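Spelled out, the chains give:
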Amino acid sequence: MRFGIIGGGSIGLLLAYILKENGTNVEIMTRTAQQAKVLRKEGLHVVSIEGEKKSYDVGAIPLENADWNVYDGVFITVKSYDLSQLSSYVAKASKKLPIIFTQNGLSHFTFAQQFPDHFLIAMTIEHGAIRKSLHTVEHKGEGSIRIASFTKKGIPDSVKQLGISFQEEKNPWEMLLRKVTLNACINLVTALLKMPNGALLENASANRLMKQLYEELEAVFPEIKRLLTFTEVEALCEKTSRNTSSMLQDVMANRPTEVDAIAGELVRLAKEKGKSLPTLQTLVLLLEAEQMEKGVTTND
Ligand SMILES: NC(=O)C1=CN([C@@H]2O[C@H](COP(=O)(O)OP(=O)(O)OC[C@H]3O[C@@H](n4cnc5c(N)ncnc54)[C@H](OP(=O)(O)O)[C@@H]3O)[C@@H](O)[C@H]2O)C=CC1
Ligand SMILES: CC(C)(CO)C(=O)C(=O)O
C-alpha cells in the first residue's frame with residue numbers, strides 16, 4: 001500500500017515514521033521543493049520515545065507536483081489555518097480515495113461539510129511530536145489514536161490494515177469535541193506559560209487553571225462529562241510530559257496559532273447556546289495580545 005501525507009511538519013513526519021515502521025510505502029507532499037529534496041536525499045530521521053535514532057527512506061514531492069491517483073489514501077497534516085489552501089486539491093480528488101484529517105480543533109468539521117460525497121475521515125492523535133529539522137522528528141509521547149468517518153462510508157480496509165493501533169469511533173463530532181477539550185485545557189495554558197505538557201501536573205496554579213477550563217467547558221457542553229474526565233486530561237499531560245504542545249511550538253516559532261480552530265470555535269458554539277466561556281476567552285485574548293506584540297497575525 002502507498003499512502004500520501006500532506007505536510008512535512010511534526011505530525012506529518014511522525015505519521016510517516018509510524019507508517020514506515022508498519023511497512024507502508026509513504027510519500028510526503030511538502031509545501032516547499034527544498035524539503036522534498038532533503039527528505040529524498042537524507043531520508044526521514046527519527047528520535048524515538050526511548051531516544052533511539054532511526055532513519056528511513058521515504059518518498060517526498062512538492063504538493064503541487066503530486067498525483068493523488070497513485071495513493072491508497074492521503075493524510076492531511078497541515079495546520080487548521082492552512083486547510084483552505086487545500087480545498088481545490090480535495091475537490092479534484094477521487095471520491096473513492098480515503099482522505100484523513102489529523103487537525104486539532106473543530107474547523108475541519110466544517111471544511112469536510114463542503115465535500116459530502118468524498119471519503120473523508122477524522123483522526124485524533126494523542127501523541128507528542130516536534131520537528132527538529134526539515135527531515136528530523138522527535139517522538140515525544142504516546143497516547144491513543146482515534147478515528148471516525150465524516151461520512152456513512154465508514155473506515156476502509158486500506159486504513160484498517162495500516163497497522164496503526166487506533167480506536168474506531170462512531171461519532172466524529174463527539175470524538176473531535178473530546179480532543180478539542182484536551183487541547184483547550186493543555187495547549188492554551190502551555191502556550192501562555194511556556195511550559196512543557198508535564199509541567200501542568202507539577203505547577204499547582206497551572207493545574208488549577210487547566211481544571212477551571214475543563215469545568216467551564218463541561219458546564220457548557222454537558223456531554224464532555226461522558227467523553228472525557230479531568231483525570232484523562234492529566235493522564236495525557238503525563239504521557240506527553242516532555243512535549244511542547246503544538247500551540248507552544250507555534251508561539252516559539254513566531255507562527256500563527258490554532259487558537260481560533262480550538263478556542264474560537266468553542267466560544268462560538270457556547271454563544272449559540274446563550275452561554276459564555278470567560279476563562280477560555282481571557283486566555284485567547286492574552287495569547288492574541290502576545291502574538292500581536294510580535295506582529296504575528298492569526299490567519300484562521
Ligand atoms: N505537534 C503535535 O504534538 C501534535 C499536533 N497535532 C495537530 O496536527 C496538526 C499538524 O500539527 P504539526 O505537525 O504540529 O504542525 P507543523 O506546523 O509542524 O506542520 C504543518 C506542516 O504543514 C505544512 N504545510 C502548510 N501548508 C502546506 C501546503 N499547502 N502544502 C503542503 N504542506 C503544507 C507546513 O509546511 P512548512 O514547514 O513548509 O511551513 C508544515 O510542515 C495540527 O492541527 C496540530 O494541532 C495533533 C497532535 C499532536
Ligand atoms: C496531544 C497534544 C496535547 C500533545 O502535545 C496535542 O494535541 C498538541 O500538542 O497539539
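Residues numbered from 1 in each chain as written. Chains lettered and ligands numbered in written order. Predicted model: local features only at pLDDT ≥ 70, side-chain atom pairs only at ≥ 80, totals over all residues. Heavy atoms only, no water.

A. Geometry of the site of ligand 1. Inspection of the region around ligand 1 gives 29 residues, with Ile 11, Lys 79, Gln 85, Asn 104 and Glu 258 positioned closest. The contact in question runs from an oxygen atom of ligand 1 to an N or O atom on the side chain of Asn 243, over 3.3 Å. When ligand 1 is considered free in solution it has 900 Å² of accessible area, and contact with the protein chains removes 90% of it. When residues of the shell around ligand 1 are traced back to their parent elements, those giving at least two are α1 (10–21), β2 (25–30), β9 (128–133) and α11 (246–252). If one sorts the elements of the shell around ligand 1 by residue count, β9 sits on top with three residues. (Near = heavy atom within 4 Å. Polar contact = N/O pair within 3.5 Å; in protein donor to acceptor, adjacent residues only side chain to side chain. Areas by Shrake-Rupley, 256 points an atom, 1.4 Å probe, with all protein chains shown as cover. Helix = DSSP H or I, 4+ residues; strand = E, 2+ residues; numbered from the N terminus.)

B. Main features of the nonpolar core. Counting residues in hydrophobic clusters, the biggest one holds 69 residues, and the most contacted among them are Trp 68, Ile 76, Phe 221, Leu 266 and Leu 280. If you tally residues by element for this core, the top one is helix α6 (residues 172–193), at twelve residues. A domain split of this core shows at least three residues from each of domain 1 (2–170) and domain 2 (175–293). Among residues more than four places away in sequence, those in contact with Phe 221 are Leu 177, Leu 266, Leu 269, Ala 270, Lys 273 and Leu 277. In terms of nonpolar packing, the next biggest core, distinct from the first, is built from 33 residues, Leu 13, Leu 39, Ile 100 and Leu 162 among them. (Core = buried A, V, L, I, M, F, W, Y, C linked by side-chain atoms within 4.5 Å. Buried < 20%, exposed > 50% of the residue type's maximum accessible area, 1.4 Å probe, protein only. Domains from an automatic or database assignment. Contact = heavy atoms within 4.5 Å.)

C. View of the site of ligand 2. Taken together, Asn 104, Ile 125, Glu 126, His 127, Lys 179, Asn 183, Asn 187, Asn 197, Asn 243, Ser 245 and Ser 246 make up the full set of residues near ligand 2. Between ligand 2 and the protein, one listed contact pairs an oxygen atom with a side-chain N or O atom of Asn 104 at 2.8 Å. Note that an oxygen atom of ligand 2 is positioned 3.0 Å from one of the side-chain N or O atoms of Lys 179. In isolation ligand 2 offers 280 Å² of accessible surface; the protein chains occlude 96% of this area. Among the elements that make up the shell around ligand 2, the one with the highest residue count is α6 (three residues). Looking at the shell around ligand 2 residue by residue, the class counts come to one nonpolar, eight polar and two charged. Residues lining the shell around ligand 2 come from more than one domain, with at least three contributed by each of domain 1 (2–170) and domain 2 (175–293). (Nonpolar A, V, L, I, M, F, W, Y, C, P; charged D, E, K, R; others polar.)

D. Spatial organisation of the environment of Ser 84. Mapping Ser 84 onto the fold places it in the loop between β6 (73–76) and α3 (87–92). Overall, Ser 84 belongs to the exposed group, its relative accessible area being 55%. Considered as a pair, Ser 84 and Leu 63 are 21 residues apart in the sequence and their alpha carbons are 14 Å apart.

E. Geometry of the sheet that holds strand β5 (residues 59–62). The eight strands are arranged β5-β2-β1-β6-β7-β8-β11-β12 in an open sheet whose pairing can be described as mixed. Strands with a single pairing partner mark the edges of an open sheet, and in this sheet they are β5 and β12 (167–168). Two strands pair when backbone bridges link them, and β2 and β5 are joined in this way by four bridges, in the parallel orientation. Along β5, the bridge assignment pairs Glu 27 with Gly 59. Taken strand by strand, helix α2 (residues 33–42) contacts β2 and β5, and its axis lies near 165 degrees from that of β5. (Pairing = 2+ DSSP bridges. Axes fitted to C-alpha atoms, helices over the stretch in contact; angles between N-to-C directions.)

F. Region of interest: the packing of helix α8 (residues 204–220) against helix α13 (residues 278–293). Relative to each other, α8 and α13 sit at 125 degrees, their axes nearing to 8 Å. By the angle between their directions, the pair α8 and α13 is classed as oblique. On α13, the residues touching Leu 209, Gln 212, Leu 213, Glu 216 and Leu 217 of α8 are Pro 278, Thr 279, Leu 280 and Leu 283. Grouping the constituent residues of the contact of α8 with α13 by class yields six nonpolar, two polar and one charged. (Parallel < 35°, antiparallel > 145°, perpendicular 65-115°, else oblique.)

G. Molecular detail of the UniProt feature "domain: Ketopantoate reductase N-terminal" (unreviewed entry) in the chain. According to UniProt, the feature "domain: Ketopantoate reductase N-terminal" (unreviewed entry) maps to residues 4–150 in the numbering used here. Between the C-alpha atoms that bound residues 4–150 there is a distance of 19 Å. The span itself is 24% helix and 36% strand. (UniProt positions renumbered as here; feature names shortened; annotations may be inferred.)

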